[in-house]
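Coordinate analysis (summary)
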Amino acid sequence: MEYRSVGRSGLKVSEIAYGNWVTHGGQVGDAAAKACVRAAWESGVTFFDTADAYEKGAAETVLGTALKELAMDRSDVVIASKVYWPIGDNPNDRGLSRKHVLESIDKSLRRLQTDYLDIYQAHRHDRLVPVEETLRAFEDIVRSGKALYVGVSEWDAEQIAEALRIADEMNFTRIISNQPQYSMLYRVIEAEIEPLSRREGISQIVFSPLAQGVLTGKYLPGQAPPAQSRAAERGQWTKDLMHDDLLTAVQQLKPIADDLGISMASLALAWVLDNDNVAAAIIGATRPEQVLDNVQASGVTLTDDVRKRIDEVLTGFVKDDPRLTQSP
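First things first, this report covers the structure right here in the doc. What you see is a predicted model, and the numbers here were worked out from it, not measured in a lab.

With that out of the way, let us pick up the pairing of strand β5 (residues 78-83). Residues in a regular strand project their side chains so that they alternate between the two faces of the sheet. Of all 6 residues that make up β5, 6 are buried, and the element is covered over most of its length. Burial along β5 is two-sided: the face carrying Val 78, Ala 80 and Lys 82 and the face carrying Ile 79, Ser 81 and Val 83 are both buried. Two strands pair when backbone bridges link them, and strand β4 (residues 47-49) and β5 are joined in this way by 3 bridges, in the parallel orientation. Paired with Phe 48 across the strands is Ile 79, a residue of β5. Taking the sense of rotation as the criterion, the β-α-β connection linking β4, helix α2 (residues 58-70) and β5 turns out right-handed. Sheet topology places β5 next to strand β6 (residues 117-122); 4 bridges connect them, and they run parallel. Bridged to Lys 82 within β6 is Gln 121. Between the parallel pair β5 and β6, the chain is carried across by helix α3 (residues 98-112), and the sense of this crossover is right-handed.

Further remarks concern the sheet that holds strand β3 (residues 16-19). Pairing is parallel around the closed barrel formed by 8 strands, whose spatial order is β3-β4-β5-β6-β7-β8-β9-β10. For this sheet the average axis-to-axis angle between neighbouring strands, irrespective of direction, equals 30°.

With that settled, consider the environment of Arg 38. Turning to its location among the elements, Arg 38 is positioned in helix α1 (residues 30-42). Sequence separation between Arg 38 and Glu 69 is 31 residues, and the spatial gap between their C-alpha atoms is 9.1 Å. Look past the residues within four positions of Arg 38 in its chain and what remains in contact with it is Glu 69 and Leu 70.

Conventions used here
- Residues numbered from 1 in each chain as written.
- Predicted model: local features only at pLDDT ≥ 70, side-chain atom pairs only at ≥ 80, totals over all residues.
- Heavy atoms only, no water.
- Buried < 20%, exposed > 50% of the residue type's maximum accessible area, 1.4 Å probe, protein only.
- Helix = DSSP H or I, 4+ residues; strand = E, 2+ residues; numbered from the N terminus.
- Pairing = 2+ DSSP bridges.
- Right-handed = clockwise from strand over helix to strand, strands pointing away.
- Axes fitted to C-alpha atoms, helices over the stretch in contact; angles between N-to-C directions.
- Contact = heavy atoms within 4.5 Å.

Next up, the structure:
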């Protein structure tokens, strides 16, 4: 496993991160979830990402228990969580108000069974709350020791730039990371967010590097999705990708992966990690075998020829316009 710095901070994370969106507390049972966490840890993964909104807190609870059962030193792992999406019916159970942020981190810490988070992230931008209010709450969280660093997720370049300006003016802790969607098929961050992040010392911690599983090659043109797969159980997130032209093109990536001696999933992850503004690629898993396969991407180097072959295969299917609506 290779490790990378997050932005200009001194924090280092495994370049493969383990996340539990739609898996822990939902798609898989607790025993399977714990087996996947153990497989990740034993493979060198030290970075674990979650959010309070995943299964209304259940995902944090499962991850906290799984990590506790591994009995490692807390300092040996990096744990990140997020706040923004609704976690209850009360009007204050959502967003980035000072009230919700300060109350939410305490609840996340209890569910995760830890005294602090390494990174606390604004899960989306909140247009109804002044950015200064959110950043002041984050600053107080860092000063209290409940989080060491702060980040954002799916903020656009203008929103990130505003947060940096306010942080500098108010002498608040600067964000060190952004968590966007990024994959061979979805390259929106490259136009505006990545150049800004490079200038300002921010890293990307990317989600959906396998494009909801499409880039693994398991979805075949003309065939129904495999049982218990993401497309079969959570089709609302894959519907725009499940068309035969794209699935046929994706199958043409297999010879490229074969030439490198890795799986199609590892090829997709290696492509994401080839971008040195990416600190980590977040994987999800329902079985330990998937974790063991995915971690093979760490340390893989792609040549210019390989990148060119990938681009030729995916011509016409890549989304790279920053005006595109981002994933929910």
